[in-house]
Amino acid sequence: MSKDLKFLVVDDFSTMRRIIKNLLIDLGYPNVEEADDGKTALPMLQTGNFDFLITDWNMPGMPGLDLIKAVRADGKLAKMPVLMLTAEAKREQIIEAAQAGVNGYVIKPFTAETLKEKLDKILGPGK
Amino acid sequence: MSSFAILKLEYSACVEALAEALRTEDEKAFFAAVDHIVHMREPGMFTELRKLTGDLQKALERFSIESKLADIAENEIPDARARLNHVISMTDEAAHRTLDLVEQSGPLAERTAKTAGNLIDMINAYRAQSTNLQGFEGVARSIDAYVPVARALEAFLPTARADSELIRRNLADVLLAQGYQDLTGQIIRSVMKLVQELEAALTDLSRLSGDVVEHASMGENSSAGHGPAVPGVTKGEIATGQTDVDALLSGLGM
């Protein structure tokens, strides 16, 4: 099951996208595509080709929080699991992200173990 | 009483004394009256003169600060922007170079580990098989059974050596790729110096203008994000690590 999950990784820095993509492949998720901000990501998500969204917060164009709000407001995408992976560490922001409907929140710098733990928690056992 | 009425009172006595000196042709009294009038005017004149000198000094100072600011805005800020862009491309390049090397080394290490694992299995199987063999025929069969193990070992060792050698070279290149930190650090320091100069010039200017500088807080639009928290700079309650974030979210029922 997990091998078939399609991930979209959204981050404005190509190095960070590459790091996340490599970690996902190591964790057994080889289907990973990338976008550099919310504006690029949203139409990709709307094609219905993705099962999981991992997004940064601070990006030019459309920030991650706005992307999550747009995803939650879209009938077809509303239930998509979303993990926020960001350097934003203010308590009020974490609460704001939770209210916007993220399923997990990981702060940078992060470890492979943290990413795995959050993915397992969101996807549930056996995924 | 209007200020002119006061002046009229003050001066009329002097003017009368002056007229009297002229009429009586009293030279001494004439100069005394003129001196008195001049002395009456002097305090105001000196205050005006002092004010004028002060204004001129301020204008000159302001001019010098403004030309400095103009120079910073015209030359040094675009320079700083170019330098910071260079920092971004250098860090980007170093990160991608490191990622290239790591991505190249991973499969090599994996191949070595996997082939070594297969060889261990082969050797274990050979041992299990050869312990039951006895006699001359047994030795011969044991040797025959060892041939594929020896061949596999022979094939594995040169590859393992080449792969390890490449991984070692890649690690040395990863080490070298970290050299960006020194160069970008120097560039960032030079930009910090410019920011300090700019801050000093702006503070001087606001002092001359007598404006009250209000510290506007930056990035209040939380939807856009604030960027990474900087110790001692970022205000508000900040999560210090993933444990903090997890505790906060579990408090929210997540």
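Here goes a summary of the coordinates provided. From a predicted model like this one, the values you see are computed outputs, not experimental measurements.

## Regarding the overall build of chain A
- A tally of helices and strands in chain A yields five helices and five strands.
- Starting at the N terminus, the α and β elements of chain A follow one another as β-α-β-α-β-α-β-α-β-α.
- Taken over C-alpha atoms, the radius of gyration comes to 13 Å for chain A, in line with the 14 Å a tight globule of 127 residues would show.
- Here chain A, with 127 residues, has 55% of them falling under the buried criterion.
- Within chain A, counting contacts between residues at least 6 apart in sequence, those at least 24 apart form 65% of the total.
- Taken as a whole, chain A presents about 5600 Å² of accessible surface, with 52% of it coming from carbon and sulfur.

## Quick look at the packing of helix α3 (residues 64-73) of chain A against helix α4 (residues 91-100) of chain A
All names here are of chain A.
- Running from N to C, α3 and α4 point in directions that differ by 20 degrees, and their axes come no closer than 9 Å. If you check the angle between α3 and α4, you find them roughly parallel. As α3 runs across α4, the sense of the crossing is left-handed. Taking contact as the criterion, the partners of L65, I68, K69 and R72 in α3 are, on α4, E96, A97 and A100.

## Comments concerning the sheet that holds strand β3 (residues 52-55) of chain A
Residue and element names in this part refer to chain A.
- Across the sheet, which stays open at both edges, the five strands sit in the order β2-β1-β3-β4-β5 with parallel pairing between neighbours. The sheet is open, and its two edges are formed by β2 (32-35) and β5 (104-107), each paired on a single side. Between one strand axis and the next, the sheet turns by 20 degrees as a mean value, whatever way the strands run.
- Bridging between β3 and strand β4 (residues 82-86) involves three bridges; their strand directions are parallel. Residue I54 lies in a different strand from β4, and its bridge partner there is L83.
- Relative to β2, helix α1 (residues 14-26) is tilted by about 165 degrees, and along the sheet it contacts β1 (7-10), β2, β3 and β4.

## A few points about the interface of chain B and chain A
- If you look at the interface, chain B gives 27 residues, while chain A gives 30 residues.
- Counting each side, the surface lost to burial between chain B and chain A is near 2500 Å², with a carbon and sulfur contribution of 56%.
- Remark: the boundary between chain B and chain A carries four salt bridges.
- For A:R18, the salt bridge is made with B:D100, and the minimal N-O distance between the two is 2.5 Å.
- Counting across the interface, chain B meets chain A through 15 residue pairs in polar contact (both at pLDDT 80 or more).

## Quick look at the packing of helix α1 (residues 3-23) of chain B against helix α2 (residues 27-130) of chain B
Residues and elements named next belong to chain B.
- Closest axis-to-axis distance for the α1/α2 pair is 8 Å, and the angle between their directions is 160 degrees. As the angle between them shows, α1 and α2 are arranged roughly antiparallel. By crossing handedness, the relation of α1 to α2 is classed as left-handed. Note on element contacts: α2 touches α1 through A29, F30, A33, V34, H36, I37, M40 and R41, opposite E10, Y11, C14, A17, L18, A21 and L22.
- Looking at the contact of α1 with α2, its residues break down into twelve nonpolar, one polar and two charged.

Quick notes on the rules
Residues numbered from 1 in each chain as written. Chains lettered and ligands numbered in written order. Predicted model: local features only at pLDDT ≥ 70, side-chain atom pairs only at ≥ 80, totals over all residues. Heavy atoms only, no water. Helix = DSSP H or I, 4+ residues; strand = E, 2+ residues; numbered from the N terminus. Rg over C-alpha atoms; globule rule 2.2 N^0.38 Å. Buried < 20%, exposed > 50% of the residue type's maximum accessible area, 1.4 Å probe, protein only. Contact = heavy atoms within 4.5 Å. Areas by Shrake-Rupley, 256 points an atom, 1.4 Å probe, with all protein chains shown as cover. Axes fitted to C-alpha atoms, helices over the stretch in contact; angles between N-to-C directions. Parallel < 35°, antiparallel > 145°, perpendicular 65-115°, else oblique. Left-handed = near helix turned anticlockwise from the far one by under 90°. Pairing = 2+ DSSP bridges. Buried area = accessible area lost by both parts, 1.4 Å probe. Salt bridge = Lys/Arg side-chain N within 4 Å of Asp/Glu carboxyl O. Polar contact = N/O pair within 3.5 Å; in protein donor to acceptor, adjacent residues only side chain to side chain. Nonpolar A, V, L, I, M, F, W, Y, C, P; charged D, E, K, R; others polar.

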